[in-house]
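Examining the three-dimensional arrangement
Letter by letter, the chains look like this.
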Protein chains: 2
Amino acid sequence: LRATQAPVLCASAAAAAPAKPAFPPPAPPVGAPDTVPTSKRQRDMEALVCELQDSICSALEDVEGAPSRGGKRFQEDTWLRGSDGHGGGGRSRVLQGGRVFEKAGVNVSIVRGVLPAAAARQMRARGKDMTVRPGADGLPFYAVGVSLVLHPRNPKAPTAHANFRMFEVRDWDPVEGCERARWWYGGGSDLTPSFLDEDDARHFHSTLKAACDKHGSELYPEFKRWCDEYFNNTHRALPGDDGERRGIGGIFYDDFGDTVMSAKEAEERSEEGGGKAFDFVCDAGRAFLPAYIPVLVRHVDEPFTEEDKRWQQLRRGRYVEFNLVHDRGTKFGLHTPGSRIESILVSLPETARWEYQAEDPPKDSAAGRLLEALRRPREWA
Amino acid sequence: LRATQAPVLCASAAAAAPAKPAFPPPAPPVGAPDTVPTSKRQRDMEALVCELQDSICSALEDVEGAPSRGGKRFQEDTWLRGSDGHGGGGRSRVLQGGRVFEKAGVNVSIVRGVLPAAAARQMRARGKDMTVRPGADGLPFYAVGVSLVLHPRNPKAPTAHANFRMFEVRDWDPVEGCERARWWYGGGSDLTPSFLDEDDARHFHSTLKAACDKHGSELYPEFKRWCDEYFNNTHRALPGDDGERRGIGGIFYDDFGDTVMSAKEAEERSEEGGGKAFDFVCDAGRAFLPAYIPVLVRHVDEPFTEEDKRWQQLRRGRYVEFNLVHDRGTKFGLHTPGSRIESILVSLPETARWEYQAEDPPKDSAAGRLLEALRRPREWA
């Protein structure tokens with residue numbers, strides 16, 4: 001595992017990002033008419049997700065500590081989608097049974113193919129207006145992303161999740177009668193503690209807010225609200241609330257930088273890069289470590305009781321519920337033949353617990369205050 | 001908890017079943033035009049599900065053992081759907097943290113109301129041809145059932161699930177232009193061991209087969225196949241198989257005894273009872289205890305290792321996956337506002353485990369043979 005890049009937060013980060021080749025070199029789609037052509041926009045995003053995977057794994061291993069102290073390392077698997085490499089592939093890095101982390105997965109995937117229109121629509125939160133080219137089997141698509149879920153062992157240390165992706169399709173413009181190119185970004189970062197620590201919440205949110213604010217003061221409030229709305233166990237709603245959030249939120253965005261043009265124009269402009277939307281994604285992605293690491297480090301050696309551990313396990317049960325019942329990405333993966341199931345379900349905690357009618361913790365405890373914040377999300381930055 | 005009835009298996013069982021009143025007496029739907037009228041068919045099924053709840057809880061408490069030896073008892077909650085009792089309610093019985101059972105739930109519910117047509121269609125596996133009466137908000141429905149999930153502590157003792165229900169709706173006959181009554185039965189029993197014991201599998205299946213055979217030799221083969229098809233974690237398919245079954249099966253049936261007639265005729269014949277379909281359901285329901293108890297008792301005090309426990313926990317993770325991702329009843333409940341979430345999710349085990357790329361157990365071990373039987377279901381009776 002080569003982890004070479006420290007997290008950086010600078011306005012020109014996107015421009016400065018080195019155009020490293022992506023790990024299993026995504027085979028150019030030679031001779032396949034139904035593929036999305038390569039572009040600088042794709043190469044830049046591939047380099048970013050690889051950079052994030054490297055820098056995040058490296059920082060987490062530093063917290064995990066030296067193997068002589070019981071610290072574990074990430075184990076890497078690379079996999080190809082399909083046999084010839086033309087469908088792309090992925091690079092999964094997983095650390096389990098560690099000193100700090102029960103389970104941590106940081107996965108990159110870069111895939112190409114043809115999606116049924118219904119499946120492609122599921123990849124978008126809004127603007128479900130894609131049309132298959134007459135005579136075609138589906139929509140040629142391209143997807144690149146890094147996705148991570150980190151479950152620390154200590155119940156006082158929060159679980160974290162982040163995900164940064166770009167999606168691109170070729171659909172059909174029924175008015176102009178020509179092929180159309182369309183791409184957008186999605187992602188975000190969110191925190192799932194078992195106990196409310198207001199300093200943690202403020203630090204995590206304000207770090208993400210600072211990254212967003214550089215690109216427009218409207219972004220953080222919108223993406224914060226979207227995060228609270230999305231990561232919601234609606235089936236756990238009680239009278240008087242609209243559900244129980246999975247955690248204390250962060251940011252979530254989708255259909256970001258949505259761009260539509262004729263395929264011809266997209267080819268002509270293929271060396272322009274991802275522009276301002278990509279600049280934002282760079283900053284949002286690079287804000288994950290400074291948002292999470294201080295929170296993690298603060299709690300990783302904190303004392304805890306058996307009761308704290310039980311409460312963490314019950315909260316992990318809720319994490320499982322959200323991911324299996326509601327999460328769009330997980331559902332998409334579970335119902336798509338040929339998905340790499342191990343990489344999808346690495347998001348699940350090592351262990352989880354369910355009790356019938358478990359009593360709420362006392363309202364004035366850190367566990368009770370957490371529950372209140374999940375039922376009625378608060379502002380933290 | 002009054003548990004008075006021993007399981008019986010006799011051809012005239014249905015006729016002989018005492019017409020006990022159901023627990024919270026379901027309020028007659030006075031003055032509400034959009035309800036399904038009461039009938040002998042409903043009262044008989046209500047009495048059956050209460051009888052099964054009593055006999056099953058009583059037998060399980062016998063295995064659990066005396067409180068002086070650490071045996072736990074079932075705790076009962078009754079609940080009403082809506083405030084006036086006209087929507088029906090339920091009686092949940094749950095035993096957790098026991099000597100034998102980590103978690104065991106045996107729940108009865110009897111509910112009335114109006115369902116959106118889409119929701120009503122989800123309650124059926126086939127024959128999705130129901131029509132809402134012009135001007136009505138949805139389909140008046142009635143549902144009665146007993147549902148149970150039993151998770152023993154010892155990894156050598158299998159988890160069991162069973163469910164027996166009747167569903168009834170009033171829809172609209174667009175040809176005749178009149179209200180139409182329709183009812184059917186669904187249910188089954190299935191076994192989920194962590195280790196394959198062929199004697200257990202043969203005993204469980206042949207006991208169910210004997211109950212089915214009394215009503216037609218075609219029933220068991222059809223319902224056994226349906227069970228293998230339904231309880232399938234399709235997202236766990238490997239190259240060369242079509243998924244990983246949740247367990248070694250049993251029987252599963254739906255849309256059974258599907259009956260359609262004009263509402264007027266149904267009212268005239270409301271004292272006829274459920275007929276042959278109900279007779280089958282009585283025998284299938286009463287076969288659960290003789291099918292499961294001997295299997296349970298054989299393993300409940302068997303020695304096991306830490307590694308056996310870990311394997312059980314991984315299998316429980318799969319149980320959670322099936323219930324949250326695939327199970328029609330669970331999904332229906334989670335997405336229906338006003339459901340009693342605690343009663344739905346009592347099916348989840350107390351604890352579960354997920355590891356990234358856990359290795360398969362050796363093929364020649366009881367765990368390995370189980371996995372093989374889940375990937376390629378076998379005939380047991």
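Our subject is the structure that appears above.
The sections below set out a description of the structure shown in this document. Given the structure is predicted, the values throughout are model-derived calculations rather than measurements. (Residues numbered from 1 in each chain as written. Chains lettered and ligands numbered in written order. Predicted model: local features only at pLDDT ≥ 70, side-chain atom pairs only at ≥ 80, totals over all residues. Heavy atoms only, no water.)

**Side note on unusual backbone geometry**
Positive phi, normally seen in glycine, also occurs at A:Gln357, with a value near 50°. For A:Gln357, a relative accessible area of 36% gives the class partly exposed. (Buried < 20%, exposed > 50% of the residue type's maximum accessible area, 1.4 Å probe, protein only.)

**A word on the sheet that holds strand E4 (residues 139-152) of chain A**
Residues and elements named next belong to chain A. Taken together, the seven strands give an open sheet; going across it, the order is E1-E2-E3-E4-E5-E6-E9, and neighbouring strands pair in antiparallel fashion. The outermost strands of the open sheet, each flanked by one partner alone, are strand E1 (75-80) and strand E9 (249-262). Geometrically, the sheet is characterised by an average inter-axis angle of 10° between neighbouring strands, direction not taken into account. In this sheet, strand E6 (residues 178-192) lies alongside strand E5 (residues 159-173) in antiparallel orientation, the contact comprising 15 bridges. Counted as the bridge partner of His 161 is Asp 190 from E6. (Pairing = 2+ DSSP bridges. Helix = DSSP H or I, 4+ residues; strand = E, 2+ residues; numbered from the N terminus. Axes fitted to C-alpha atoms, helices over the stretch in contact; angles between N-to-C directions.)

**Side note on the relation of the copies chain B and chain A**
Superposition of chain B onto chain A requires a rotation of 180° combined with a translation of 0.0 Å along the rotation axis, giving an RMSD of 0.0 Å. Both copies of the chain, as the preceding transformation shows, are related through a two-fold rotation axis. Most of the interface of chain B is mirrored in chain A, where 100% of its interface residues are also at the interface. (Least-squares fit on C-alpha atoms with pLDDT ≥ 70 in both. Contact = heavy atoms within 4.5 Å.)

**Observations regarding the packing of aromatic side chains**
Any aromatic ring pair is given by two values, namely how distant the centres are and how the planes are angled relative to each other. Tallying each qualifying case throughout the model produces 31 aromatic pairs over all chains. Here B:Phe231 and B:Phe322 contribute two aromatic rings whose centre-to-centre distance is 5.4 Å and whose plane-to-plane angle is 50°, an arrangement assigned as tilted. Taken as a pair, B:Phe231 in the loop between helix H5 (219-230) and strand E7 (232-233) and B:Phe322 in helix H9 (residues 306-326) lie far apart in primary sequence, 91 residues in all. Overall, B:Phe322 belongs to the buried group, its relative accessible area being 0%. Ring geometry for B:Phe256 versus B:Phe280: centroids 4.8 Å apart, planes at 50°, classification tilted. Highlighted residues: B:Phe256 in strand E9 (residues 249-262) and B:Phe280 in helix H7 (residues 275-286), separated in sequence by 24 residues. In this structure B:Phe256 comes out as buried when scored by relative accessible area, which is 16%. Through successive ring pairs, a cluster of aromatic residues spans A:Trp226, A:Tyr230, A:Phe231, A:Phe252 and A:Phe322. The ring of A:Trp183 carries the charged tip of A:Arg41 above its face, separated from the ring centre by 3.4 Å. (Phe/Tyr/Trp six-rings, centres within 6.5 Å; stacked < 30°, edge-to-face > 60°. Lys NZ or Arg CZ within 6 Å of the ring centre and 35° of its normal.)

**Some details on the side chain of A:Asp171**
Residues and elements named next belong to chain A. Counting through the fold element by element, Asp 171 comes out in strand E5. Residue Asp 171 is classed as buried on the basis of its relative accessible area, which comes to 1%. Of note is the side chain of Asp 171, whose polar atom sits 3.2 Å from the backbone nitrogen of Thr 131. What Asp 171 contacts, discounting residues up to four positions off in sequence, is Asp 129, Met 130, Thr 131, Leu 139, Cys 178, Glu 179 and Arg 180. (Polar contact = N/O pair within 3.5 Å; in protein donor to acceptor, adjacent residues only side chain to side chain.)

**Remarks on the packing of helix H2 (residues 40-64) of chain B against H7(B)**
All names here are of chain B. Between H2 and H7, the least distance of the axes is 11 Å, while the angle of their chain directions is 5°. In terms of orientation, H2 and H7 fall into the roughly parallel class. Between H2, through Asp 44, Met 45, Leu 48, Glu 51 and Leu 52, and H7, the contact on the second element is made entirely by Phe 278, Val 281, Cys 282, Gly 285 and Arg 286. Considered class by class, the residues forming the contact of H2 with H7 number six nonpolar, one polar and three charged. (Parallel < 35°, antiparallel > 145°, perpendicular 65-115°, else oblique. Nonpolar A, V, L, I, M, F, W, Y, C, P; charged D, E, K, R; others polar.)

Read these as spatial facts, not as claims about activity.
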